[in-house]
Amino acid sequence: MERMEGNLIYDYLVFGALILGSISVAFYGRFSGPKEKTKNDYAFSSKSNMFTMMLSIARGFLGVRVFLGYPSELFYRGSSMWEILYGMILAYPLVCFFFVPVYYSLSTTSVYQYLDLRFKSRLVRCLASGTYVFRSILNLGVTVFTPCVALKTVIGLPYWASISAIVFISIFFVMMGGLRTAILADVIQLLVMLCCSMIILIQGTITAGGVVNVVNTSYHNDRLNFFNFDMDPTVRVTTVSAIVGQLFMSLSIFGCQQNFVQRYCSMSSQKKVTQTLMANIPIMTLLFSSSWIVGMVIYANYADCDPRALGYISSIDEILPFYVEDKFFFLPGFLGLIMACLFNGAMNLLVSNLNSMAIVMWEDFFFLIPAFKGISEKAQLYFIKALGAVCGLMIMGIAFVVAMLSGVIEASMLMTSATSGPLLGVFLLAMFCPPANWKGAALGMITSHAIVMWITFGHLTVERPPIPLLPVSVDGCTNTTFSPNVPPLPHHTDPVWTEDFDVDPVVNPAAHDNDFLTSIYLVTYMYYSLFGTMITVIIGLLVSLVTKSDEDSYDEKLVHPWARKFYKWLPGKKTCFINMEQSQTNPHSVDCEIYKPKTNKI
C-alpha cells in the first residue's frame with residue numbers, strides 16, 4: 001500500500017523510540033531497587049502496590065490479542081464472543097473465596113508444589129506443571145504472532161523478522177530482571193494501550209456521526225447479537241457457552257496458573273489479595289469492553305464499504321491497523337505508536353509468562369532431580385533464566401504455525417479451552433474433595449487430557465463448514481471513501497465477493513446427518529474446559545474411593561475449610577486430617593493409624 005513518505009518516517013521514529021523505551025525498562029528494573037540474589041527475589045515482588053498489581057493482573061489476561069482481535073471479531077462475526085465477559089466476572093469472587101485462602105497459607109514458590117503437598121505425589125505435580133507449560137507455550141505462540149499480522153500489513157515486515165525480534169527482546173528482559181520488572185512493563189504497556197484505544201474511540205465516533213449513530217449502525221446490521229440461548233452445542237458461541245465455557249477457563253487461568261498466583265502471593269496480606277481481585281472486576285470490564293467498542297466504531301465508519309471485500313486486507317485481523325493507517329494520516333507517528341503498542345504488548349506479556357514458566361520448570365522438574373540438589377541460590381537463579389530463554393525459543397517455533405488457524409481469537413480460545421479442564425479439575429479435587437488421593441488425581445488428569453486432546457484434534461481435522469461471517473456491503477464505496485494514504489479504487493474494478501460474505505450467521509450446520517464421532521468433533525471448543533474439568537473430577541474421585549488407604553492422610557490446611565466441614569457430615573470412614581503445627585509440638589495429637597509425610601516417588 002502506498003503511503004506518504006513523510007508520515008512513514010515519523011511512524012518508524014515513534015515505533016523505534018517506544019521499543020527502545022521498553023528495553024530501558026529492563027535496565028531500570030535491573031539497576032534500581034533491591035537486587036535479585038535468590039530465586040524468591042526473582043519470582044516475587046513485594047514492593048508492588050495494590051493499584052500496580054491490579055493493572056498487572058488485568059494486563060496478564062487482556063493481552064494484545066484482545067486489542068487487535070476483538071475489534072475484528074465484532075466487525076465480521078458480531079458481539080457473541082463479547083459475552084465471555086460474564087464468565088470472567090463470575091470467576092473473580094470464586095477465586096477470592098475458594099482458591100486464595102488455600103494458597104496464601106502456604107510458603108511455596110510454585111503453585112504446583114501445593115499438589116505435591118496435598119497428594120504427596122511428584123507425578124500429579126509434574127502433570128499439572130506440564131499442562132501449564134504446554135498451555136502457555138501454545139497461547140504465547142498466538143500472542144507473539146498477533147502483532148506480526150499488523151506489522152506485515154502496514155510496513156511489510158516479514159513474519160520471521162517480527163517474531164524473532166519479539167522473542168529475543170523478551171529473552172533479554174528475562175535475563176535482566178524478574179517479576180518486579182515484568183509488572184512495571186505490564187503497567188506502562190497497559191496505560192499506553194488504553195490511551196491509544198481512547199484516541200481511536202474519540203476520533204472514530206466523531207467521523208461516524210456520534211455515539212448514537214455508532215450504536216445504531218452496529219445494532220441494525222446485527223453486530224450487537226446478545227442473549228442467544230440456543231442450546232445447540234455445535235454453535236460456535238452462544239450466551240450459555242460463553243458463560244459456562246469462559247467461567248471454567250477463567251477459573252483455570254486465575255486460580256491455577258502460576259503467573260497469577262505468583263502475583264497473589266507477592267501481596268502483603270490475603271485481605272489485600274481479595275480487595276485487589278474484586279476491584280479488578282470494573283477495570284477488567286472497562287478494558288475488555290473498550291476493544292469491542294473500538295470494533296463498533298470501526299464498523300460504523302466502514303459499514304457501507306468493507307476494505308476486506310475490496311481486497312485491501314486479506315485477514316479479518318488486519319482491520320484495526322488498516323483503519324489507523326486510513327483515518328489517522330493527519331497525525332504523523334500515531335500508526336507507529338499503535339504498531340509499537342502491539343509489539344510491546346506481545347513482548348511484555350511474553351516476558352511475564354516466561355518468568356513464571358521458568359520458575360515452574362525449575363521447581364517442579366529440574367529441582368527434583370538429585371543432581372541439582374544442594375546447588376547455590378545464585379546458580380539456581382542463572383538456571384531459571386536459562387530455562388526462560390529455552391521456553392522463548394519454543395514459543396517462537398509455535399508462532400510460525402499459528403497462522404494456519406482462523407484468526408488470533410479463534411486460535412487462542414481453542415488452545416485455552418482445550419488445556420484448561422484437566423488443570424482446573426485436579427485443583428478442585430485437591431481443595432474440595434477430601435477423599436481424593438494421588439492415584440485418582442493422576443488417572444483423572446491423564447484420562448481428561450487424552451479425551452480432550454482427541455476431541456480437539458478431531459475438531460481440527462473433521463470437515464466442517466467455515467466459521468460464518470456477517471454480511472458486509474460495498475455499496476457506499478467511492479474513490480473518496482478512504483484517505484490519501486489508501487490508493488483509489490480503479491473505476492473498472494468491481495468488488496470481489498467470496499462465499500463467506502453472504503453466510504447467515506444464525507444458521508449453523510447441525511450434526512443430525514453425521515455419525516457419533518463427527519457429532520462430538522463438531523461441538524464448540526467453548527465447552528472443552530467444562531468437559532476436561534468434569535472428566536478429571538469424576539474419574540479422580542471414583543478411583544480415589546476405590547483405592548483409598550490410610551496412607552492418604554495429609555495436612556488439614558491443604559483442603560478448603562468449607563470442604564472439611566461438609567466432609568465430616570458424610571457417612572463412612574474418613575480420610576485422616578493432620579494439623580501439622582500441633583503434630584510437631586505434640587505427636588500424640590495425631591490420631592491417624594498411619595501417617596507418612598514423605599513424598600511418593602511416583
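See the structure shown above.
In this text, all values refer to a predicted model and were calculated from it rather than measured experimentally.

Rules and cut-offs
Residues numbered from 1 in each chain as written. Predicted model: local features only at pLDDT ≥ 70, side-chain atom pairs only at ≥ 80, totals over all residues. Heavy atoms only, no water. Phe/Tyr/Trp six-rings, centres within 6.5 Å; stacked < 30°, edge-to-face > 60°. Helix = DSSP H or I, 4+ residues; strand = E, 2+ residues; numbered from the N terminus. Buried < 20%, exposed > 50% of the residue type's maximum accessible area, 1.4 Å probe, protein only. Disulfide = S-S within 2.5 Å. Core = buried A, V, L, I, M, F, W, Y, C linked by side-chain atoms within 4.5 Å. Contact = heavy atoms within 4.5 Å.

Caption draft 1: Main features of the packing of aromatic side chains. By the definition in use, this model includes 36 aromatic pairs. Aromatic pair Y70 and W292: ring centres 4.8 Å apart, planes at 20 degrees, arrangement stacked. Here the residue Y70 occupies a position in helix α4 (residues 64–77), and W292 occupies one in helix α13 (residues 270–302), the gap between them amounting to 222 residues. Take W292: its relative accessible area is 0%, and that puts it in the buried class. Here the aromatic rings of Y527 and F531 are separated by 6.4 Å at their centres, their planes lie at 25 degrees, and the arrangement is stacked.

Caption draft 2: Fine view of the state of the cysteines. Counted under the stated rule, the structure contains 1 disulfide. Each sulfur in the disulfide pair C305 and C477 lies 1.9 Å from the other. Handedness here is read from the sign of the S-S torsion; for C305 and C477, about 110 degrees, the answer is right-handed. Taken together, the residues C305 in the loop between α13 and α14 (307–310) and C477 in the loop between α19 (438–461) and α20 (516–521) connect sequence positions 172 residues apart. In this pair, the class of C305 matches that of C477, namely buried.

Caption draft 3: A look at the nonpolar core. With 162 residues, the main nonpolar core has L115, F119 and F427 as its most contacted residues. The element best represented in this core is helix α16 (residues 334–364), accounting for 19 residues. Among residues more than four places away in sequence, those in contact with F427 are F99, Y103, V111, Y112, Y114, L115 and C256.

Caption draft 4: Inspection of unusual backbone geometry at higher detail. The residue D222 is not glycine, and still its phi comes out positive at about 60 degrees. As for its position among the elements, D222 is in the loop between α10 (211–220) and α11 (239–256). Note on D222: relative accessible area 51%, which makes it exposed. Even without glycine at this site, F227 takes up a positive phi of about 55 degrees. If you trace the backbone, F227 turns up in the loop between α10 and α11.

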